[in-house]
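Listed below, chain by chain, are the residues.
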Protein chains: 2
Amino acid sequence: MTDPSDPGPLPAPVSILVEPQLGENIGAAARAMWNFGLSAMRLVAPRDGWPNPQAVAMASGAGRVLDGAQVFDTSAAAMADLHAVYATTARPRELTKRVLSPEAAMREAASRIAEGQRIGILYGPERAGLATAEIVLASAIVSVPSNPEFPSLNLAQCVLLLSYEWRRAQGGVVAEELVTNKTGLAAGEDVTRMLAHLEEELEAARFFFPEHKRPSMQGNLRNLFRRSALTEQDVRTLRGVIRALAEGPKRRR
Amino acid sequence: MTDPSDPGPLPAPVSILVEPQLGENIGAAARAMWNFGLSAMRLVAPRDGWPNPQAVAMASGAGRVLDGAQVFDTSAAAMADLHAVYATTARPRELTKRVLSPEAAMREAASRIAEGQRIGILYGPERAGLATAEIVLASAIVSVPSNPEFPSLNLAQCVLLLSYEWRRAQGGVVAEELVTNKTGLAAGEDVTRMLAHLEEELEAARFFFPEHKRPSMQGNLRNLFRRSALTEQDVRTLRGVIRALAEGPKRRR
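All of these numbers come straight from a predicted model, not from anything done at the bench.

S.K.: Explanation requested: unusual backbone geometry in the structure shown.
M.R.: Phi is mostly negative for residues that are not glycine, and the peptide bonds are mostly trans. Residues and elements named next belong to chain A. A cis amide bond links Trp50 to the next residue, Pro51, at an omega of 0°. Here Pro51 shows up in the loop between β2 (41-44) and α2 (53-58). Phi at Ala229 is positive, roughly 50°, even though this residue is not glycine.

S.K.: Could you clarify how one ought to interpret the sheet that holds strand β6 (residues 119-123) of chain B in this entry?
M.R.: Note: strands within a sheet are paired through backbone hydrogen bonds, in either parallel or antiparallel orientation. Read from one edge to the other, the open sheet built from 8 strands follows the order β8(A)-β5(B)-β7(B)-β4(B)-β6(B)-β1(B)-β2(B)-β3(B), with strand pairing classed as mixed. Both edges of this open sheet fall to β8 (176-179) of chain A together with β3 (70-72) of chain B, since each of them pairs with a single strand only. Strand-to-strand twist in this sheet, taken as the mean axis angle between neighbours without regard to direction, amounts to 30°. Here β8(A) runs beside strand β5 (residues 97-100) of chain B; their pairing, made up of 4 bridges, is antiparallel. Counterpart to A:Leu178 in the pairing with β5(B) is B:Arg98.

S.K.: What exactly am I supposed to notice about the interface of chain A and chain B here?
M.R.: For an interface, size is often stated in terms of accessible area lost upon the parts coming together. Chain A puts 53 residues into the contact, and the matching count from chain B is 53 residues. Counting each side, the surface lost to burial between chain A and chain B is near 4,300 Å², with a carbon and sulfur contribution of 52%. It is A:Asn35, A:Phe150 and A:Tyr164 in chain A that bury the most area against chain B; as a group they hold 15% of the surface buried on that side. Of the charged contacts in the structure, one is a salt bridge between B:Glu165 and A:Arg168, with a shortest N-O distance of 3.7 Å. On inspection of chain A and its partner chain B, the count reaches 24 residue pairs in polar contact (both at pLDDT 80 or more). Secondary-structure elements contributing two or more residues to the side of chain A that touches chain B are α1 (23-35), β5 (97-100), α5 (102-114), α7 (155-169) and β8 of chain A. Take the side of chain A that touches chain B: its biggest share by element is 7 residues, from α7(A). Taken together, the residues of the side of chain A that touches chain B sort by class into 23 nonpolar, 14 polar and 16 charged.

The rules behind these values
Residues numbered from 1 in each chain as written. Chains lettered and ligands numbered in written order. Predicted model: local features only at pLDDT ≥ 70, side-chain atom pairs only at ≥ 80, totals over all residues. Heavy atoms only, no water. Helix = DSSP H or I, 4+ residues; strand = E, 2+ residues; numbered from the N terminus. Pairing = 2+ DSSP bridges. Axes fitted to C-alpha atoms, helices over the stretch in contact; angles between N-to-C directions. Contact = heavy atoms within 4.5 Å. Buried area = accessible area lost by both parts, 1.4 Å probe. Salt bridge = Lys/Arg side-chain N within 4 Å of Asp/Glu carboxyl O. Polar contact = N/O pair within 3.5 Å; in protein donor to acceptor, adjacent residues only side chain to side chain. Nonpolar A, V, L, I, M, F, W, Y, C, P; charged D, E, K, R; others polar.

In structure tokens, the structure reads:
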């Protein structure tokens, strides 16, 4: 039997802003969320009421996040239907609590969501940050590993980093790739032919001198081009360069 | 022989802002850098000249970054002494270039710096972004894996994410820990004694009924407290709770 009041699974964490003061910051948080594909926002007692024109002005492009924002009177009410909430704050002074890095927290959130849980991320008011009574309600703390000499991140920056880590936790972020537009990587034999052409012309120009250095000169030259991940276009360009250099002076004479 | 003009190794990447327009954004970038311990900033042809009072006002707390900022006429000049530069931009349209995630780029930067190389991160002007001629000068591209429907990150946000990844690449970011302030985790025997106390009182209250359910009821109860990572203070609190619940009604009678 399905509970008809069950709001069902959520595809991504809910971002809960507790008592945000400036509409601009709510708008900037909405942008930061949507930059990384998060769209569910909850507001707990926003100081200047809701809706807030400053938030709308700042959120340009991420208005959908504000349009869907839900407003609650208390943090407890905003968290009532969630299975786990991560509170963004510095290390707690008085509580015994798990403290996770943003990466570890969003990986855990992703696996909980995959199990059908509903997850929230709790952000405190601009200056004061979250109160102990709110941190108590959270399953764990998320602490951004910032410079101890200058740890001050603003609300939207904190939302940005957590949202970025959420996006990363989805997988599919390619660590490294070689982008080759309009052309493909050259096959080994194309490079071999280009090098043969080059060495032939260098031979003619008596580049490989003295003779006993020829092996190392050839080796360096071949290595230089082999490690460059040349494209087909690069090889055509280089062959043009070799031809021009080799023939140019003759024409000029 | 050491080259006397060699500026020597740098402990962290240089953040190079190319033709930044608003002083506020330069200041916000300085804050974002210093939030994660980066302090070397270079400016290429800042639109409003240098120094810039708006940058100073915005950078409050990170003024040291602006104080040390170096100004150059061209991107090439700003990159001249560096061994490798990562250009922050979307995937290139016309170039064949390695494209790295922010994490992969900063890991590579960290290992290059460990080898004594000098590394830069190149950021384009606010709206236009980096020109192809500047991307060509870079060793690789860094592309932030943002929402394809809303990829617009501002300058300071981009600096923030790269600086955050630089900090992460330093290692030492603890993924998860249990913070217990003013108290330590309870030893197993403390929990055992607390559970024995609890079960004794529950026995007296005829909680374990019917008798054939006793094993599963005891098992659930023990498991509940065992999985909670109780601190010594928690155990003292729970023993007080057990005592109060067990004795309270007697006193009231």
